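# Residue-level structural notes
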Number of protein chains: 2
Amino acid sequence: MDPFVVVGGDAAGLSAASKCRRESDREVIVFEKGQWISYAHCGTPYFVEGSVDRLTDLLSLSPAEAEARGIDLRRGHEVVSVDAEDRTVTVRADGERFEQPYAELLVATGASAAAGPFDRSLDGVFSLHGLDDAAAIDAYLAAPDDYDPARLGDGPVDRDRVDHNAALEPPERAAIVGGGYVGVEMAEALSARGVDVHLYQRSAHLLTPFGAAVGERVESTLRDHGVTVHTDTEVDALVGDERVAALRIDGDERPVDVAILGVGIRPNTALLDGTGVDRGPSGAIKTDDYGRTSLPAVYAAGDVATARHAVTGAETWVPLGLTANRAGRAIGSTVAGDPTPVGDVAGTAVVKAFDLECGRVGLVDESAATDAGFDPVSETITAGSRSGYYPGNEETTVTLVADRTTGRVLGGSIVGRDRAAVRIDTLATAIEADLTVAELERLDLAYAPPFSPVWDPVLVAAKVVNGQLSE
Amino acid sequence: MDPFVVVGGDAAGLSAASKCRRESDREVIVFEKGQWISYAHCGTPYFVEGSVDRLTDLLSLSPAEAEARGIDLRRGHEVVSVDAEDRTVTVRADGERFEQPYAELLVATGASAAAGPFDRSLDGVFSLHGLDDAAAIDAYLAAPDDYDPARLGDGPVDRDRVDHNAALEPPERAAIVGGGYVGVEMAEALSARGVDVHLYQRSAHLLTPFGAAVGERVESTLRDHGVTVHTDTEVDALVGDERVAALRIDGDERPVDVAILGVGIRPNTALLDGTGVDRGPSGAIKTDDYGRTSLPAVYAAGDVATARHAVTGAETWVPLGLTANRAGRAIGSTVAGDPTPVGDVAGTAVVKAFDLECGRVGLVDESAATDAGFDPVSETITAGSRSGYYPGNEETTVTLVADRTTGRVLGGSIVGRDRAAVRIDTLATAIEADLTVAELERLDLAYAPPFSPVWDPVLVAAKVVNGQLSE
């Protein structure tokens, strides 16, 4: 039997390879075009910030560990084409090409940071997507005399790029372009590194998918911590000679000496160009409940693939870490002979902005809910995180969206300083279980003065939305 | 139409009265035999500890506020009997008796602390049930010269009892009898007041309903904070002349000068003695999905009443704050003309032990699950609370119990130092939604390095239990 071939050695790819090996004696080959495997992408802002000591602390599986699991791991191997009819891939390595037959193929090629209209070739302009970006930004932020390469740890880092950036004078004024996860997390990271941070967001609120209630509190928290936030502001260009010198907005130039681009990511689908594979939102590879693409014996998972939305039932593209790990693991089981669904996504996401914790799930935006065929009712409430008399009680703001016709919970967001983020899991569970707001209101949630008021903020929101529904 | 009469002015009673007034123009009379109304019972240990400044900070509704809601509140009025056929109650106040007709009656008489075999008339021996107990303990702990009556705030406290306790020499060595919520919380409170604390638990583990995994970590945390824990140790008696001097165990006497009894509570059902009302577990008043007792037009709610267990479907008695508030509110709606179920209980509970957070829900004990007709599979795992590389990551221990036959989640517990308690709400929601472990494992829960590893501890537990179920 031909092997199970995996393209991409990060979360989805290695989860699939590991699970398949654990559950079967199948031959599993993982082709990774780069040198890094299995790293925590979401941890890179915290490395830049300095709260993670070494770059290699972000690795979750070493090549030796992968091989010890019986995975045939080939780094520096780029899969350049797929012949889905013959069930072979063409691989390029060390300047040579070869054909590799497969019984099943998993495309787990991930995503790449978009550059938008910006010139990323200038010194001081960075995206943050992967460990080499993080290492380069870290080196650029340090004064040449202060830079400590021990921070890199012992991994296959692009040392030339690091050395180049370490040799440059450290920046004093940063522009962060984009107010999504990367933008908010890097605003905090660069502030911690002593840079004067300006954050530019094209739309009215930061963290758009979290809704206005979260966006407003994040903006105010960023300002409290010295970040200058520019909303409704579109950056037209980054200009400079070799090094970025300014950003241009409406013809004006504002000086900056570092710019971080957080303007979105795109699925790396080029490998399947010309195969006729079905695509979904954002051009991601369309997959079914078991992670199968429209090509025979070809699976896709992680940031390159779509998933089914738990609320709308529609194909969606929500490239996040758990989705990748979970889908990879399920596909590994399926290939090993135990068909396992990859699971829906609810769009659950959490992010930290200094001491503020933010969470969102499902359909938060009312117009998105309307577009999906619902009749949304949305309420935003503020309640305590603990009993009012207990020290450390913090205002917790919950937005809850439900369908007027069926009462079903559609989505929500939570923001606050005290254990706010993890409370979103209550809503995520309720949404995936198709609970109505009336059922949510009657949940027996935890109460003790140090952790929650008698009526948890989620229950308070449910009471208010349920009141609206019964009118 | 005769009024809606409520017996008891605490969580269940005043929730019902308030909701009924808000939703109708019904006449609502609340008879409260004491002077306090609507106080946060669960906050009393934190008043004793000193983290809540004033006793009256624990009040959530003042008599004036209750009256402003249109409630006819009669404090110092004890309802001494019910004639369910005539639909009247007999009330005693100021040495007089009178009859009060009702259209509907709510019995919300709460519970009382049990004394077990112990002599509570000795100075220095206390239960903790209500604000007067808290005030007395606080006064007893203070040196006569240091006692500050301003701590009492402006409420109807039993001042004679406070003054008596304040005049006594402060204790140096405490025995806490019973290792449940009250015992664990008071161990922390008395330690904060500088007393040498010994905690005695009859069974092998503290916090029995939370299971062994939680009990062991709580015990070790208490020891780390200087509390001496005696498990498998039964206290036979408290002895002393006027003031407690020692506890007796197996014939030995050990000196103590304060003893806190946390040996359970009993529902205050005496009012319905002789009415033939149906009883449930622990003798609590049996109620149906709408809080109705077996007597016509008589409801019961709060610590005096049973509720239906979300997992077993059986009558159960779990006297906790949210249950009381929720049932009262639902009965208020029902009486006002909008029939509203009181909701099941899942036995969700959380407790703090110094810096340790503990949660439990559903059926944690395997033999309880077996008794309820399930075939339980239970696994205990330890996972990080955050990404391993992120500062503040703490070991989080999860026990998950599921039914082998159906895969249904039956119960679980969580313990750890970092946001552990609120994570129990994920399990509570899953249990009330009848999810299977396979569904739990596929939930799209939140992930970001500061708040959770990629696989939340709850998901890790689900993976392991699910692995067991598929064997």
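Check the entry above for the structure.
Residues numbered from 1 in each chain as written. Chains lettered and ligands numbered in written order. Predicted model: local features only at pLDDT ≥ 70, side-chain atom pairs only at ≥ 80, totals over all residues. Heavy atoms only, no water.

## Points about the sheet that holds strand 13 (residues 237–240) of chain A
All names here are of chain A. Reading across from one edge, 13-14-15 is the order of the 3 strands in this open sheet, with antiparallel pairing throughout. Edge positions in the sheet fall to strand 13 and strand 15 (252–255), since each has one partner strand and no second. Strand-to-strand twist across the sheet, computed as the mean angle between neighbouring axes with direction ignored, equals 35°. Pairing geometry for strand 14 (residues 244–249) and strand 15, over 4 bridges, is antiparallel. Within strand 15, the residue paired with Ile249 across the bridge is Asp252. (Pairing = 2+ DSSP bridges. Helix = DSSP H or I, 4+ residues; strand = E, 2+ residues; numbered from the N terminus. Axes fitted to C-alpha atoms, helices over the stretch in contact; angles between N-to-C directions.)

## Things to note about the interface of chain B and chain A
Contact with chain B, which involves 57 residues of that partner, is made by 57 residues of chain A. With both sides pooled, the region where chain B packs onto chain A buries about 5,100 Å², and carbon together with sulfur makes up 66% of that total. In this structure, the connection of chain B to chain A is made through 4 salt bridges. Where Arg419 of chain A meets Glu357 of chain B, a salt bridge forms, and the shortest distance between an N and an O atom there is 2.2 Å. There are 20 residue pairs in polar contact (both at pLDDT 80 or more) connecting chain B and chain A. Per element, the largest residue contribution to the side of chain B that touches chain A is 7 residues, and it comes from helix 10 (residues 424–432) of chain B. Split by residue class, the side of chain B that touches chain A holds 33 nonpolar, 9 polar and 15 charged. (Contact = heavy atoms within 4.5 Å. Buried area = accessible area lost by both parts, 1.4 Å probe. Salt bridge = Lys/Arg side-chain N within 4 Å of Asp/Glu carboxyl O. Polar contact = N/O pair within 3.5 Å; in protein donor to acceptor, adjacent residues only side chain to side chain. Nonpolar A, V, L, I, M, F, W, Y, C, P; charged D, E, K, R; others polar.)

## Observations regarding the relation of the copies chain B and chain A
For these two chains of identical sequence, chain B goes onto chain A by a turn of 180° and a shift of 0.0 Å along the axis, with RMSD 0.0 Å. Taken together, these values place the two copies in the relation of a two-fold axis. Taking C-alpha positions as the reference, the residue of chain B nearest the rotation axis is Thr426 of chain B, at 2.5 Å. Most of the interface of chain B is mirrored in chain A, where 100% of its interface residues again form contacts. (Least-squares fit on C-alpha atoms with pLDDT ≥ 70 in both.)

## A look at the pattern of salt bridges
By the definition in use, this model includes 48 salt bridges over all chains. Residues Arg26 of chain A and Glu104 of chain A are paired through a salt bridge, measuring 2.7 Å at the closest nitrogen-oxygen approach. Taken together, the residues Arg26 of chain A in the loop between helix 1 (11–23) and strand 2 (28–32) and Glu104 of chain A in strand 7 (residues 104–107) connect sequence positions 78 residues apart. Under the relative-accessibility criterion, Arg26 of chain A is labelled buried at 10%. The exposure class assigned to Glu104 of chain A is buried, which follows from its relative accessible area of 12%. Through salt bridges that share partners, Glu357 of chain A together with Arg386, Asp418 and Arg419 of chain B make up one connected network. (Buried < 20%, exposed > 50% of the residue type's maximum accessible area, 1.4 Å probe, protein only.)

## Regarding the nonpolar core
Among the nonpolar cores identified, the biggest contains 145 residues, and Leu190, Val218 and Leu222 of chain B are the most heavily contacted of them. Residue contributions to this core peak at 8 residues, all from helix 4 (residues 131–141) of chain B. When near neighbours in sequence (up to four residues on either side) are disregarded, Leu222 of chain B contacts Ala187, Leu199, Leu206, Val227, Val229, Ala353 and Phe354 of chain B. One finds Phe126, Leu141, Leu152 and Val195 of chain A within the second-largest nonpolar core, a separate group that totals 56 residues. (Core = buried A, V, L, I, M, F, W, Y, C linked by side-chain atoms within 4.5 Å.)

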